[in-house]
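# Structure assessment
One-letter residues, chain by chain:
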Amino acid sequence: MAHYVDLHPDNPQQRIVDRVVERLRQGDIAAIPTDSGYAIVCRLGNKEGLERIRTIRRVDSKHHFTLLCHDFGQLGKLVIIDNANFRLIKSKTPGPFTFILKATKDVPRMMLNPKKSTVGVRIPDHKITQAILENMGEPLLCSTLILPGESEPQREGWMINDELGHVLDIVVEGPIGSEGPTTVVDLSSGDIEVLREGAGDLGTLV
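The shown structure was predicted, so the numbers you read here are calculated from the model rather than taken from an experiment. (Residues numbered from 1 in each chain as written. Predicted model: local features only at pLDDT ≥ 70, side-chain atom pairs only at ≥ 80, totals over all residues. Heavy atoms only, no water.)

Moving on, we come to the UniProt feature "domain: YrdC-like" (unreviewed entry) in the protein. The UniProt record marks residues 14-200 with the feature "domain: YrdC-like" (unreviewed entry), using the residue numbering of this structure. Between the end C-alpha atoms of residues 14-200 the distance is 30 Å, and the span holds 30% helix and 23% strand. (UniProt positions renumbered as here; feature names shortened; annotations may be inferred. Helix = DSSP H or I, 4+ residues; strand = E, 2+ residues; numbered from the N terminus.)

What follows concerns the pairing of strand S6 (residues 118-122). The buried fraction of S6 is high, at five of five residues. Taking every second residue as pointing to the same face, both faces of S6 are buried, with Thr 118, Gly 120 and Arg 122 on one and Val 119 and Val 121 on the other. Summarising the sheet, strand S4 (residues 66-68) and S6 pair through three bridges and their orientation is parallel. Counted as the bridge partner of Leu 67 is Val 121 from S6. Of the strand pairs in this sheet, strand S5 (residues 97-102) and S6 are connected by four bridges, and their pairing is antiparallel. Bridge pairing in S6 links Leu 101 to Val 119. (Buried < 20%, exposed > 50% of the residue type's maximum accessible area, 1.4 Å probe, protein only. Pairing = 2+ DSSP bridges.)

Let us now look at the packing of helix H1 (residues 14-25) against helix H5 (residues 127-136). Packed helix pairs are characterised by how far apart their axes lie and by the angle those axes make with each other. In contact at an axis separation of 9 Å, H1 and H5 are set at 60 degrees when each is read in the N-to-C sense. Considering the angle they form, H1 stands oblique to H5. Between H1 and H5 lies a crossing whose hand is right-handed. Two secondary-structure elements touch here, H1 through Gln 14, Val 17, Asp 18, Val 20, Val 21, Leu 24 and Arg 25 and H5 through Ala 131, Ile 132, Asn 135 and Met 136. Residue composition of the contact of H1 with H5, by class: seven nonpolar, two polar and two charged. (Axes fitted to C-alpha atoms, helices over the stretch in contact; angles between N-to-C directions. Parallel < 35°, antiparallel > 145°, perpendicular 65-115°, else oblique. Left-handed = near helix turned anticlockwise from the far one by under 90°. Contact = heavy atoms within 4.5 Å. Nonpolar A, V, L, I, M, F, W, Y, C, P; charged D, E, K, R; others polar.)

On inspection of all chains with the given rule, the structure shows seven salt bridges. Among the salt bridges present, the one from Arg 19 reaches Glu 22, with a minimum N-O distance of 3.3 Å. In this pair, Arg 19 and Glu 22 both sit in helix H1, three residues apart, roughly one turn of the helix. Given a relative accessible area of 37%, Glu 22 falls into the partly exposed group. (Salt bridge = Lys/Arg side-chain N within 4 Å of Asp/Glu carboxyl O.)

For the peptide bond that leads from Thr 93 to Pro 94, omega is -5 degrees, which places it in the cis range. By the secondary structure assignment, Pro 94 is in the loop between helix H4 (83-92) and S5. A positive phi is found at Arg 58, a non-glycine position, where the angle reads about 60 degrees. As for its placement among the helices and strands, Arg 58 is situated in the loop between helix H2 (47-57) and S4. Classification of Arg 58 by relative accessible area gives exposed; the value is 68%. For Ser 117, which is not glycine, the phi dihedral falls at a positive 55 degrees. Accessibility expressed as a relative area gives 31% for Ser 117, which makes it partly exposed.

Right, dumping it as structure tokens:
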């Protein structure tokens, strides 16, 4: 069964954050709260973890994984950003936006879209997620925790633990953002294409 922990929403307990990060570095996968619902995460480059997430989500190789980043500096090392996109992404982060862009060589090929060499990136506005990311010192590979047959992300850690505790290593209990899933914006072709309209202000995008 998964290791179930409860983190304070405003002041995440450092000793618990340390333990979660230690286990992620060792290859575990975890369900964590974010500003747009729960997500399943593992360390970047964790091939077994990626395949486990695909199995839980029941998605194929075309599925767009996202890199959760602590800040813009970290994000900028993972994707190719021109000046116009730089200003756009900077204005929307941190926040409930996922941007799809061409990846740099620092991103493992196994998590890229096989035809486009693209990847999703985002900077969450969530204290628990940010505490984990800051402690990791590197991005986390992420997929929104939407169960097969459902359209919305999971919202309660204890329910995830009851239903998926046998296939996860860690479940972090904590509140999620109230606005719903992220807005997904594809910038990889040079144009702005909104693939999913979710949380966040679209004013400067369309």
